[in-house]
Amino acid sequence: MTIGDRWGVTEEETARRYPCDDEVSAPELQLWRGVTVHAAPGELWPWVAQVRLAPYSYDWIDNLGRRSPRDLRGLPDPVAGEPFTRALGRPQGLILSVAVGEQLTGRLLGVVMSYVLVAQPNATRLLLKLVSDRFRRAAPLLSLGDLVMARQQLLNFKHLAESGRAPCRHRARSTGSVLLDG
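Residues numbered from 1 in each chain as written. Predicted model: local features only at pLDDT ≥ 70, side-chain atom pairs only at ≥ 80, totals over all residues. Heavy atoms only, no water.

Asker: Mind laying out the pattern of salt bridges, listing which residues take part and the relevant values?
Answerer: Using the criterion set out here, one finds seven salt bridges in the structure. Across the pair Arg6 and Glu11 runs a salt bridge, and its minimum N-O distance is 3.1 Å. Residue Glu11 is classed as exposed on the basis of its relative accessible area of 59%. Across the salt bridge formed by Glu82 and Arg52, the nearest N and O atoms sit 3.5 Å from each other. Remark: Arg52 occurs in the loop between helix H2 (41–49) and helix H3 (59–62) and Glu82 occurs in the loop between H3 and strand E3 (85–87); sequence separation between them is 30 residues. Its relative accessible area of 28% is what places Glu82 among the partly exposed residues. For Arg52, a relative accessible area of 12% puts it in the buried group. (Salt bridge = Lys/Arg side-chain N within 4 Å of Asp/Glu carboxyl O. Buried < 20%, exposed > 50% of the residue type's maximum accessible area, 1.4 Å probe, protein only. Helix = DSSP H or I, 4+ residues; strand = E, 2+ residues; numbered from the N terminus.)

Here it is, written out as structure tokens:
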């Protein structure tokens, strides 16, 4: 156990198997994060899947000050092999596996992470587990840094899903093409 290795999760949630566990057989680093979102999994999933556009954490740190979209952009479902996210102005990481509406697993900077949605009555538990077979000596520092960033990301997803933001709005250009208005 490392300082900051858990936030918002139960013992049961840390004991469960996550898709990232299949990617790293002997992890040096294991971190768990979780939040209850008062929205159905189908309302939360598009926000989690939209991590492909931006990190949804502290944009001034990990997105060069560019604000993560606050409206759904109508993206197709993620596919293994696609970039995991965009940060610092360019694609980052790789999507490793997807179960639409249930889990998204990717690799980013030597860390494998799984976002798992667990349906509950009138809510969804959004769980995040991160594992790596690197960073043994830096684990305490990484754990605390991730705690700050991942907590903000999960809280942003929670807020956006609970706010009932409408799916992408379109407006027409004079040329007849369609722009996403966000």
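The rest of the description comes next.
Asker: Help me get a handle on the side chain of Arg52, residues and values and all.
Answerer: Only 2.7 Å separates the side chain of Arg52 from the backbone oxygen of Ala49, close enough to count as a polar contact. Among the polar contacts made by the side chain of Arg52, one reaches the main-chain carbonyl oxygen of Pro76 at a distance of 2.6 Å. When residues no more than four places from it in sequence are discounted, the contact partners of Arg52 are Leu75, Pro76, Asp77, Pro78, Glu82, Pro83, Phe84, Thr85, Arg86 and Ile95. (Polar contact = N/O pair within 3.5 Å; in protein donor to acceptor, adjacent residues only side chain to side chain. Contact = heavy atoms within 4.5 Å.)

Asker: Would you mind going over the sheet that holds strand E5 (residues 94–99) in detail, with residue names and values included?
Answerer: In spatial order, the strands read E1-E2-E8-E7-E6-E5; together these six strands make up an open sheet with mixed pairing. This sheet does not close on itself; its edge strands, each paired only once, are strand E1 (6–7) and E5. Sheet topology places E5 next to strand E6 (residues 103–108); five bridges connect them, and they run antiparallel. When the bridges of E6 are listed, Ser97 appears paired with Thr105. Of the strands in this sheet, strand E2 (29–37), E5, E6, strand E7 (111–120) and strand E8 (123–132) are in contact with H2, which crosses E7 at around 165°. (Pairing = 2+ DSSP bridges. Axes fitted to C-alpha atoms, helices over the stretch in contact; angles between N-to-C directions.)

Asker: Before we move on, can you summarise the confidence of the model for the protein chain with the specific residues and values?
Answerer: As a note on interpretation, predicted positions should not be read in detail where pLDDT is low. Within the protein chain, residue pLDDT values average 82, and 76% of them lie at 70 or more. Considering only residues more than four positions removed or in separate chains, one finds that residues 166–182, a stretch of pLDDT under 50, has 25 contacts. (pLDDT = per-residue confidence, 0-100.)

Asker: So what's going on with the pairing of E7? Which residues, and what values?
Answerer: Burial analysis of E7 places seven of its 10 residues in the buried class, which makes it a mostly covered element. In terms of strand pairing, E6 meets E7 through six bridges, oriented antiparallel. Of the residues in E7, the one forming a bridge with Gln103 is Val116. Taken together, the nine bridges between E7 and E8 define a ladder with antiparallel strand orientation. Paired with Met113 across the strands is Leu130, a residue of E8.

Asker: Describe in detail the packing of aromatic side chains, supporting the description with residues and values.
Answerer: Aromatic ring pairs are reported here in terms of the distance separating the ring centres and the angle at which the planes meet. For the coordinates displayed, the defined rule picks out two aromatic pairs. Ring centres 6.5 Å apart and planes at 75° place the aromatic pair Tyr115 and Phe157 in the edge-to-face group. Residue Tyr115 is found in strand E7, and its partner Phe157 is found in helix H4 (residues 139–162); the two are separated by 42 residues along the sequence. With relative accessibility at 2%, the residue Tyr115 sits in the buried group. For Phe157, a relative accessible area of 0% puts it in the buried group. (Phe/Tyr/Trp six-rings, centres within 6.5 Å; stacked < 30°, edge-to-face > 60°.)

Asker: Talk me through the pairing of E8; I want residue IDs and the actual numbers.
Answerer: Every regular strand shows the same layout, with side chains that alternate between the two sheet faces. Burial runs high along E8: 10 of the 10 residues are buried. What you see with E8 is no split at all: Ala123, Arg125, Leu127, Lys129 and Val131 on one side and Thr124, Leu126, Leu128, Leu130 and Ser132 on the other are buried throughout. Alignment of E2 against E8, held across nine bridges, turns out to be antiparallel. Within E8, the position partnered with Gly34 by the bridge is Leu127.

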